[in-house]
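Remarks on the overall topology
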Amino acid sequence: MHIPDGFLTVPVWAGLAAVSVPLVGVAARRAQGEAEENRIPLLGVMGAFVFGAQMVNFPLAPGTSGHLFGGALLACTLGPASAVVVMTAVLAIQALVFQDGGVLALGANVFNMALVGVVAGYLPYWLWGQGAGRDLAVATGGFLSVMASATLALTELRLSGVVIPPAALWLALGVFALNAVAEGLITLLVVRSLDRLHPGWIRRADAPRSAAVKTVLGASVALAVIGLAVASAAPDGLDRLAEELGISDRSRILWETPLSDYQARFLPPGWLQQAAAGLAGISLAGACVAAVAKLLSRRRSA
Amino acid sequence: MRHLVLEDWSRKESWLHARDPRAKLMAAVALLLAIGTSPAGSPSRLAGYALLLLAGVIIADLPVRGVWLRACVVLPFAGVFGVLAWLAGEPGRAAAVGVKSYLSAWTLVLLAATTPLPALLRGLASFGVPRFLLIVIQLLYRYLFVIAEQAHHMRLAAASRGGGFRLRSRQGWRAGAGAVATLFARSHARAEAIHRAMLARGYRGEFPLASPPRFGLGDALLSLWASAAAAALRLA
Amino acid sequence: MEPLIEVQGLHFRYDSGPEVLRGVNFRLFPGESVALLGPNGSGKTTFVLHLNGLLRGEGLVRVCGLPTRPEHLPSIRRKVGILFQDPDEQLFMPTVLEDAAFGPLNLGLDPPRALHAAQEALALTGMSAAWHKAPYHLSAGEKRRAALAGVLAMRPEILVLDEPTTYLDPPGRRELADLLRRLPQAKLVVTHDATFACATTTRAVFFREGRIESEGPTAELIRRLGWDERLPPAEPAP
Ligand SMILES: Nc1ncnc2c1ncn2[C@@H]1O[C@H](COP(=O)(O)OP(=O)(O)O)[C@@H](O)[C@H]1O
Ligand SMILES: [Mg+2]
C-alpha cells in the first residue's frame, strides 16, 4: 500500500523519514561492500525485475488477482541489505515517475515496504532457512513481509487521524492477510523454480546456532505483527464502545486533532502535542527496527 | 506505456524545464509541505495552491487536461478513504483530504513532467542522497522498460497458448511462478552482460554520475518565489 | 610484423560444463579485417570475451604483446574495443552522450575532455544529433551506432564486433558496413551475414565446436563452405 502525500501528518511522515534515512544509508553501505563486484548492475536490473514480476498476475479470488511484491524473494536471493536498497529504489521510481506513493510520504513507504518488509521477509529464512524447514520459512517470510508492511501503513494512517470504521478495518486486514498468504505462496513457488534453474541464486542462510535465540526472535516477530494488526483494529473497537455508551463523538475529535487517542494530556494542546505523541510512537518503532538491525549486524560480523 | 507520455513532456523546452533540478525539488517540497499542513475547511487556500500549480503547468507549456488526468492516479486511494470518512459522517473532511492528496499528486506530476529522471537524480545527489542508491535507481530506470517489455511478451506468449497466468487453477500459479523465475534468470544474465560491457570500457568500480550545472539566478528565483508563494498561502 | 592479437592453444569451459573452446589458434595483424563465421553455440562469443580478459582460459592470449594477466587488463581494455551483440546491454547510461563518455571517464580523462572525446565519437558514427536521447528511444540502427560510439570514444587500436547486424534492417546494415570500412582500426567481425562479411572483411576464419576449422579469403571461404543466406526463390503460385 503506497501512501500518497496529503494523508500523513507532519510528525508521522517526518518521524518515519528520520528513521528510514539512516537505515537505508547503512543498508546502502553494506550492500556496496558486498563481495560480488557486479553489485551495481545487479541491483539496478533486479529493481527493474520487480516491476516486471509485478506484471504477472496470480488469481486470488474470482474477479481479483494479486502479484508478487518481492521483498522476501529479494532478501532470500540478494541478501537483506541489497534487498533494502533495491526496494527503496523501486519505491523511489514509483513515487518520482509514476506518482504511486508520495514524496513526503516516501520515508514512510520506505520504512513500511523496504525496511520492515524486507527484514520481516528475511527473518524466518534467516532463523530456519537451513535444512528441512526452509520451504516453510520462505513462505512465512513472504507472509510476514506483506502483512507487516500493510498493517504498518494502516497504523500510520490512523495515527494521522484518518477515520477508518471498525468494519472497514477488519475488512482491510482480511484483504491484507489474503495478499500476504499469496505472497508467501508465490515467493515459495518462485524460490523452488529458481532451485531448479540455478541453486546458487538462493542465498545460504547463516542462522544463529542457539535454539533459544531463534525462538525468542521468532516469537517477538510474530507478536509484533499480531500486535500491530490488533492495535490498528482495536482503537476503533474502543471508539465504538465509547459511542455506544454515549461518552463522546470521538470520530469528530479524531479528525479535529489527529492522534487524540495517543495524546499526552499534560502537554499544551495543539501542534506540539501531536508532534510529541507522534514522535514518541515513531521513535519506539524506530528503536525496535534499529535493535533488530544491530542484532543482524552483530551476528554478521561475529 | 503510460509513463512514456510523462517522459516526453519532461524533454520539452520551457523556462521551467530549463531550471536546475535542485530549484524544482525545493519548490515542489515547499508546495507539498504547505498543502500537506493546510487545515481542512479552507477552500480558498486550496484554490490558491491550484492556481499556483496551474501557472506552473502553463509556464511549462504542458497540456493542462493531460496533467489533471495524470494526477488522478491518487484518486483510488483517496476515494477509498474519502468514502470511509463520509460513512463516518465527515463529508467535508473527506473532500478536503481528497483535494489535498490530488493537489500533492499534481505537484509531483509537474515536477516529473519538467525534470527528466536522471536530472532529478543529479539534484538529489547534491542534497546528500547516497550515490550508490542513486546509481541503482538510474540503472533501474534504464532497464525498467526493457524488462517490462520482456514480461509483457511472456504474458502475451502465455495468453496465446490459451491460458495466461490468470488460469484459476494450480497450474496457473505454477505457470506464473515459472514465469517470474524465468524473468529473474534473464535479469540475472542481463546484469552479468551489463557488467561485462562496463568492464570492457574500463570500469573499475567508480561509476560516473554527472554533476548538475551551476545554480543560476533563475533557479534561485524559482525556488524563492515558489517557497514564498506556498508559505504565504499557507499562513494567510 | 608483430600480430596485434595472438591466441595459441586456447581452451575454456564454463564452471564444470563441457569444453567450449578446444584449442583455438588465431592471429590478427595491424590493418587487417577478419570475419569470424560459425554456427550458433560454436563458441564465438566465448572466444571474443577472452580477447580483453573478461574470460580467462588455458592457453596463450596476447594483445599487442601483452598477455591477458590482471596487471595488463587496463591497458588491454583500452586497446581492444568490443561491441557486444545486444546494444541494450552496452548502453547502460541514461543518455547517448553520457554513455559515450563512460569509457573516457574511466580512462581518467577529466569531464570536459571526456565529453569532447564522446562528442567526437558520436560525430564519427553519425549520432551527434541524438546526443541527449535516452537509449530506449533509439531505433535498432541508432542503438548500434550509439554503442559503437561508446567503444570508439576510448580510441581503441582493435575493434571486435559480435554479430553487429543483429536487429538491423538492410539499409541499417549497409550504413554500418560503410561506417566500418571508414574506420582505420584492425577488426574482427563475428557475423552470420555473408554479404556483410564480404563487404567489411578480407580474410575469414570458420569456427566449429570450439576451434577454427578452416580459413581463407572471405568470399572464397564462404563459397567453399556454402555459408551464406542464398535459398532457392519462391515458386510463383500456379
Ligand atoms: N555463461 C555461460 N555459462 C554456461 N555456458 C555458457 C555460457 N555462455 C555460453 N555458454 C555455452 O557455451 C557455448 C558457446 O556459446 P557462445 O560462445 O555464446 O556461442 P556463439 O556465440 O558461437 O553462438 C554454448 O553451448 C553455450 O550454451
Ligand atoms: Mg554469440
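Described below are features of the structure shown in this document. Just so it is clear, the structure is predicted and the values come from calculations on it, not from any experiment. (Residues numbered from 1 in each chain as written. Chains lettered and ligands numbered in written order. Predicted model: local features only at pLDDT ≥ 70, side-chain atom pairs only at ≥ 80, totals over all residues. Heavy atoms only, no water.)

Turning next to the overall build of chain C. Counting its secondary structure elements, chain C contains nine helices and ten strands. In terms of overall dimensions, chain C has C-alpha extents of about 55 × 55 × 40 Å along its principal axes. Of the roughly 10,700 Å² that chain C leaves accessible, carbon and sulfur atoms contribute 53%. Averaged over its 27 positive side-chain charges, chain C has a centre that lies 4 Å from the centre of its 29 negative ones. (Helix = DSSP H or I, 4+ residues; strand = E, 2+ residues; numbered from the N terminus. Areas by Shrake-Rupley, 256 points an atom, 1.4 Å probe, with all protein chains shown as cover. Lys, Arg positive; Asp, Glu negative; His and termini not counted. Charge placed at Lys NZ, Arg CZ, Asp CG, Glu CD.)

All names here are of chain C. Around ligand 1, the neighbouring residues are Tyr14, Val20, Pro39, Asn40, Gly41, Ser42, Gly43, Lys44, Thr45 and Thr46. The backbone of Gly41 places a nitrogen or oxygen atom 2.7 Å from an oxygen atom of ligand 1. The contact in question runs from an oxygen atom of ligand 1 to an N or O atom on the backbone of Lys44, over 2.9 Å. Calculation on ligand 1 without its partners gives an accessible area of 560 Å², and the protein chains cover 54% of this total. In terms of residue count, the dominant contributor to the shell around ligand 1 is helix H1 (residues 44-50) (three residues). Broken down by class, the residue content of the shell around ligand 1 amounts to three nonpolar, six polar and one charged. (Near = heavy atom within 4 Å. Polar contact = N/O pair within 3.5 Å; in protein donor to acceptor, adjacent residues only side chain to side chain. Nonpolar A, V, L, I, M, F, W, Y, C, P; charged D, E, K, R; others polar.)

Further remarks concern the packing of helix H7 (residues 166-197) of chain A against helix H9 (residues 170-200) of chain B. It is the contact of H7(A) with H9(B), at a shortest axis distance of 8 Å, that shows an interaxial angle of 55°. On the basis of the axis angle, H7(A) is oblique to H9(B). As for how H7(A) packs across H9(B), the hand of that crossing is right-handed. Residues A:Ala182, A:Leu185, A:Ile186, A:Leu189, A:Val190, A:Ser193, A:Leu194 and A:Leu197 of H7(A) pack against B:Trp173, B:Arg174, B:Ala177, B:Gly178, B:Val180, B:Ala181, B:Thr182, B:Phe184 and B:Ala185 of H9(B). Here the contact of H7(A) with H9(B) is built from residues that sort into 13 nonpolar, three polar and one charged. (Axes fitted to C-alpha atoms, helices over the stretch in contact; angles between N-to-C directions. Parallel < 35°, antiparallel > 145°, perpendicular 65-115°, else oblique. Left-handed = near helix turned anticlockwise from the far one by under 90°. Contact = heavy atoms within 4.5 Å.)

Residues and elements named next belong to chain C. The four strands are arranged E2-E1-E4-E5 in an open sheet whose pairing can be described as antiparallel. The sheet terminates laterally at strand E2 (19-28) and strand E5 (66-67), the two strands that pair on one side only. Pairing of strand E4 (residues 58-63) with E5 involves two bridges; the strand directions are antiparallel. Note on E5: the bridge partner recorded for Val63 is Leu66. (Pairing = 2+ DSSP bridges.)

Another point: the interface of chain B and chain C. Taken together, the contacts link 29 residues of chain B with 27 residues of chain C. Carbon and sulfur atoms make up 60% of the area that chain B and chain C hide from each other, which totals about 2,600 Å². Inspection of the chain B/chain C interface yields five salt bridges. B:Arg190 is paired through a salt bridge with C:Glu89; the nearest N and O atoms lie 3.7 Å apart. Across the contact surface, chain B and chain C share eight residue pairs in polar contact (both at pLDDT 80 or more). (Buried area = accessible area lost by both parts, 1.4 Å probe. Salt bridge = Lys/Arg side-chain N within 4 Å of Asp/Glu carboxyl O.)

Taken together, the contact pairs 73 residues of chain A with 68 residues of chain B. Roughly 6,500 Å² is buried in total at the junction of chain A and chain B, and carbon and sulfur atoms are behind 81% of that figure. Summed over the shared surface of chain A and chain B, the result is zero salt bridges. Inspection of the region where chain A meets chain B yields four residue pairs in polar contact (both at pLDDT 80 or more). At the level of elements, helix H1 (10-32), helix H2 (39-53), strand E1 (58-61), helix H4 (80-96), H7 and helix H9 (250-256) of chain A are the ones that each hand at least two residues to the side of chain A that touches chain B.

Counted under the stated rule, the structure contains 21 salt bridges over all chains. When the shortest N-O distance is used, the salt bridge between B:Arg22 and B:Asp20 registers 2.9 Å. As far as the burial class goes, B:Arg22 and B:Asp20 line up, both buried. With a shortest N-O distance of 2.6 Å, C:Glu32 and C:Arg203 are connected by a salt bridge. Linking C:Glu32 in the loop between E2 and strand E3 (33-37) with C:Arg203 in strand E9 (residues 203-208), this pair joins segments that are 171 residues apart in sequence. A residue is classified by how much of its surface remains accessible, and C:Glu32, at 17% relative accessible area, is buried. For C:Arg203, a relative accessible area of 18% gives the class buried. What emerges from the salt-bridge pattern is a single network uniting A:Arg134, A:Asp135, A:Arg192 and A:Asp195. (Buried < 20%, exposed > 50% of the residue type's maximum accessible area, 1.4 Å probe, protein only.)

On to unusual backbone geometry. Most peptide bonds are trans, and most residues other than glycine sit at a negative phi. Residues and elements named next belong to chain A. Look at Gln99: it is not a glycine, yet its phi comes out positive at around 55°. The topology assignment puts Gln99 in the loop between H4 and helix H5 (106-128). The buried category is assigned to Gln99, whose relative accessible area is 2%.

The next subject is the packing of aromatic side chains. Evaluation of the coordinates by the stated rule reveals 21 aromatic pairs over all chains. Here A:Tyr122 and A:Tyr125 contribute two aromatic rings whose centre-to-centre distance is 6.1 Å and whose plane-to-plane angle is 50°, an arrangement assigned as tilted. Within this pair, A:Tyr122 and its partner A:Tyr125 are both found in helix H5, separated by three residues, close to a single helical turn. Here A:Tyr122 matches A:Tyr125 in class, with each residue buried. Where C:Phe12 meets C:Tyr14, the ring centres are 5.0 Å apart and the plane angle is 85°; that geometry is what we call edge-to-face. A relative accessible area of 11% means that C:Phe12 is categorised as buried. Assessed through its relative accessible area of 38%, C:Tyr14 is described here as partly exposed. Three or more aromatic residues joined by ring pairs make a cluster, and in this case those are B:Tyr203, B:Phe207, C:Phe92 and C:Phe102. (Phe/Tyr/Trp six-rings, centres within 6.5 Å; stacked < 30°, edge-to-face > 60°.)

Strand pairing in a sheet takes place through backbone hydrogen bonds and is either antiparallel or parallel in direction. Residue and element names in this part refer to chain C. Pairing in this open sheet of six strands is mixed, and the strands run E6-E7-E8-E3-E9-E10 from one edge to the other. Every interior strand has two partners, whereas the edge strands, strand E6 (80-83) and strand E10 (211-217), have only one. Recorded for the sheet is a direction-independent mean angle of 20° between the axes of neighbouring strands. Bridge analysis of E3 against strand E8 (residues 186-190) gives four bridges, and the strand direction is parallel. Within E8, the position partnered with Val34 by the bridge is Leu188. In the packing of helix H6 (residues 140-152) onto the sheet, contacts are made with E6 and strand E7 (158-162), and the angle to E6 comes to roughly 165°. Across the sheet, helix H9 (residues 218-225) lies against E3, E9 and E10, angled at about 120° from E10, the strand it touches most.

Before going further, it helps to examine the pairing of E8(C). Residues and elements named next belong to chain C. Buried residues dominate E8, accounting for five of its five residues. Residue alternation in E8 divides its side chains into two sets, Ala186, Leu188 and Val190 and Lys187 and Val189, and both sets are buried. As paired elements, E7 and E8 share five bridges and run parallel to each other. Bridge pairing in E8 links Leu161 to Val189. At this point the chain moves from E7, through helix H7 (residues 170-182), to the parallel E8, and the crossover so formed is right-handed. (Right-handed = clockwise from strand over helix to strand, strands pointing away.)

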